[in-house]
Amino acid sequence: MSASNAAHSVVEPSTSARRFAGLLVILYAIITMVPLVWIVLTSFKSPDDAISYPPKVLFKPSLEGYCNVFTTRSRQTPEFFQTLGPPQGLCDNIARSRNMVVAGPSNYVPRFINSLIIAFGSTALAVALGTLAAYGFSRFRVPLKDDLLFFILSTRMMPPIALAIPIYLMYRTVGLSDTRLGMILLYTSVNVSLAVWLLKGFIDEIPREYEEAAMIDGYTRFQAFVKVVLPQATTGIAATAIFCLIFAWNEYAFAVLLTSGNAQTAPPFIPIIIGEGGQDWPAVAAGTTIFLVPIVVFTVLLRKHLLRGITFGAVRK
Amino acid sequence: MNDLSTSSQITYQAVPIRPGTIRRIRGLSDQALAWLFITPTIVLLLAINIFPLVWTIYLSFTNYRANRANAPTIWLGADWYQSILTDPDIWAAMQVTAHFVVWTVLIETVLGFGLAFLIDKKFRGHGLWTTIILLPMMLSPAVVGNFWTFLYQPQIGLFNYVVAFFTGREASSFQMLGDVTLSPWAIVIVDAWMWTPYVMLICLAGLRSIPDYIYEAAEVDRASNWRQFWSITLPMALPFIMLAVLFRGIENFKMFDMVNLLTGGGPGSTTEVASITLKRAAFESWRTGYSSAFAIILFVTVFGLANIYVKALNRVKSR
């Protein structure tokens, strides 16, 4: 956009209008951030501070939530404590102040690892398949091209629960229920439609002349694809990969219905973190905060391509 | 001659791939390569999306129950479809869904367009604030639903405290998630919080696509700002607004995760959107045949509405 050069001054908003607009937007941004900031604050509160009324903005920071999300603890008698040596590390110290000892790691860690494996596995597959298909659709004459592309997109219109019913039966038959491989395949199939549509847009933007020149120099079509097109498409592939990662990372419906223990990811697990006497809010907030950090980083990295990603490449700016 | 060969070396750094691979692929025509590239994706989608869809259609005509897999399967014809379309509970769920879709899309469109309009004024620092505003839509709906249940707690929740602070009511006098009249709005608020940025981003693209010379011409004709907004800004951004409405409408028609965590459909069935009904029938009462029929009805509805909408969208665009 070349909006900001002097020739266009006639349509530039006045300084006061601009300031007023800025004020309103900043106000909205601050209000919209309150829930997120509150969760991060809660993760550093002690359980008592987290449920105090009126809500506490100033409090003594505590790592109890983070300890609780990573450990399981058991209550002990005073006699038992006398048999123990000094506390082992920070979390044990906090636990002992509540008459408990750290009994072992919690289930959060394996759920988090499942999330990582499933998200990265399905992203790698979806981007690999999507890049090949997108190149095919972009460069070759494929019969029924528009129909095939629409078919690929339409698979995303299924409500996830509707798809989960037969997938549940199918996975039960072939032995894929509650396995990481099953979830990777499922997320790949959901993400591949996004990958094809986004990457086709990116590859369409690479001039064909580059490959043609390479082929005149003796490259085969495949070599030209690997050596000329792929390096040019790196940004697009990276952006697509981040979108796929975010989807797989955030996905809940399939995860809660199709996994129970072995392959369960973090989103169905975080809400069911229970402490003594009800929900352990600092631990839930800590689990949430850790889970959200990668998304915030990715959003900042992606901000230039967000528009394209959320509209399946329909709007490119 | 010498010159030429160096330049080609610099540009492409002709390092051969493994010789075996080349020999195998060199023989392929473009057509064969096209199919080689596209087929894996199609096969995956056929296996994980289309085959299950066909299976769902088959199950929807039977009395199959997933928790009694060995019982004999009886062909029922269109019985389930008939009973679903005449079931008052289903129509209640569809009404809850419609309420949710209409209000969320309306609020998100108005707020989102308003924000985009303001951001388009390009005040100082608008890039940073835009990125901040965009954050909620990138988060996991399940995690969002979960931490909003914390904010909505009547005794300890921040939401109740803030409302109480401004209205003078007792913070524990109302339950956003436990009250029959409030809970449908509780889920609308969270969805609007999360997805307004989505509409804002698409509208912003629409506003930025309007060329400056149109406004310049309007200035020359001394059209008022008000007039410019209604006859230039809004009509030209309309295809983008409608695209956002289409995407939000489809997504919210299918809404499951956020509502499942906030209310689980309750209290009673006041927030039971279609996907929650479907989940209860399929994975709690295990009425697989019945829920398959409902799933097909939902899919056809989404698909049909989307197609009608896309046609309307194209008409607006070509105008």
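Computed from a predicted model, the values in this text were never measured in an experiment.

Enquirer: How would you sum up the overall build of chain B? Please name residues and give values.
Expert: A count of helices and strands for chain B gives 14 helices and 0 strands. Ordered by position from N to C terminus, the α and β elements of chain B give α-α-α-α-α-α-α-α-α-α-α-α-α-α. Looking at chain B as a whole, 40% of its 319 residues qualify as buried. Within chain B, contacts between residues separated by at least 24 positions form 71% of all contacts whose residues are at least 6 apart in sequence.

Enquirer: Account for the interface of chain B and chain A, with residues named and values stated.
Expert: Taken together, the contact between chain B and chain A spans 82 residues of the former and 89 residues of the latter. No other element matches helix α3 (residues 30-59) of chain B, which puts 15 residues into the side of chain B that touches chain A. Partitioning the side of chain B that touches chain A into residue classes produces 57 nonpolar, 13 polar and 12 charged.

Enquirer: Go over the confidence of the model for chain B with me, naming the residues and quoting the values.
Expert: Residues and elements named next belong to chain B. Residues of chain B with pLDDT of at least 70 account for 90%, and the chain-wide mean is 86. Predicted confidence in chain B is weakest over helix α1 (residues 2-12), with a mean pLDDT of 41, and strongest over helix α5 (residues 88-119), with 95. Between residues 1-13, whose pLDDT stays under 50, and residues either more than four places distant or in other chains, the model counts 5 contacts. Prediction confidence for the complex, expressed as pTM and ipTM, is 0.86 and 0.86 respectively.

Enquirer: Residues and numbers for helix α13 (residues 274-283) of chain B, please.
Expert: Taking burial as the measure, the 10 residues of α13(B) include 8 buried ones, the bulk of the element. Every buried residue belonging to α13(B) is among B:Ala274, B:Ser275, B:Ile276, B:Thr277, B:Leu278, B:Lys279, B:Ala281 and B:Ala282, and all of these are buried.

Enquirer: Go over the confidence of the model for chain A, please, and point to the residues and values.
Expert: Residue and element names in this part refer to chain A. Averaged over every residue, the pLDDT of chain A is 87; the share at 70 or more is 95%. At the level of individual helices and strands, chain A shows its lowest average pLDDT in strand β3 (residues 274-275), which scores 68, and its highest in helix α6 (residues 108-139), which scores 94. Here residues 1-9 scores under 50 on pLDDT; set against residues more than four positions off or in separate chains, the count is 4 contacts.

Enquirer: Summarise the packing of α6(A) against helix α9 (residues 180-204) of chain A; cite the residues concerned and give the values.
Expert: Residue and element names in this part refer to chain A. The geometry of α6 relative to α9 is characterised by a closest axis approach of 6 Å and an angle of 40 degrees between their N-to-C directions. Classified by the angle their axes make, α6 and α9 are oblique. Note on packing geometry: the crossing formed by α6 with α9 is right-handed. Broken down by class, the residue content of the contact of α6 with α9 amounts to 18 nonpolar, 9 polar and 3 charged.

Enquirer: An account of unusual backbone geometry is needed here, citing residue identities and associated values.
Expert: A positive phi is found at A:Asn99, a non-glycine position, where the angle reads about 60 degrees. Locating A:Asn99 in the fold gives a position in the loop between α5 (89-97) and β2 (100-105).

Enquirer: Let's hear about the environment of B:Asn260: which residues, and what values?
Expert: In this fold, B:Asn260 is placed in helix α12 (residues 257-262). For the pair B:Asn260 and B:Ile84, spaced 176 residues apart in the sequence, the C-alpha separation amounts to 22 Å.

Enquirer: Break down the packing of α9(A) against helix α12 (residues 234-250) of chain A for me, with residues and values.
Expert: Helix packing for two helices is described by the angle between their axes and how far apart those axes are. Residue and element names in this part refer to chain A. The geometry of α9 relative to α12 is characterised by a closest axis approach of 10 Å and an angle of 155 degrees between their N-to-C directions. On the basis of the axis angle, α9 is roughly antiparallel to α12. Crossing angle aside, the handedness with which α9 passes α12 is right-handed. For the pair α9 and α12, the contacting residues are Tyr187, Val190, Asn191, Leu194, Ala195, Leu198, Leu199 and Phe202 in the first and Gly236, Ile237, Thr240, Phe243, Cys244, Phe247 and Ala248 in the second. For the contact of α9 with α12, the residue count by class is 12 nonpolar, 3 polar and no charged.

Each value, and the rule that gives it
- Residues numbered from 1 in each chain as written.
- Chains lettered and ligands numbered in written order.
- Predicted model: local features only at pLDDT ≥ 70, side-chain atom pairs only at ≥ 80, totals over all residues.
- Helix = DSSP H or I, 4+ residues; strand = E, 2+ residues; numbered from the N terminus.
- Buried ≥ 20, exposed ≤ 12 C-beta atoms within 10 Å, placed from the backbone.
- Contact = placed C-beta atoms within 7 Å.
- Nonpolar A, V, L, I, M, F, W, Y, C, P; charged D, E, K, R; others polar.
- pLDDT = per-residue confidence, 0-100.
- Axes fitted to C-alpha atoms, helices over the stretch in contact; angles between N-to-C directions.
- Parallel < 35°, antiparallel > 145°, perpendicular 65-115°, else oblique.
- Left-handed = near helix turned anticlockwise from the far one by under 90°.

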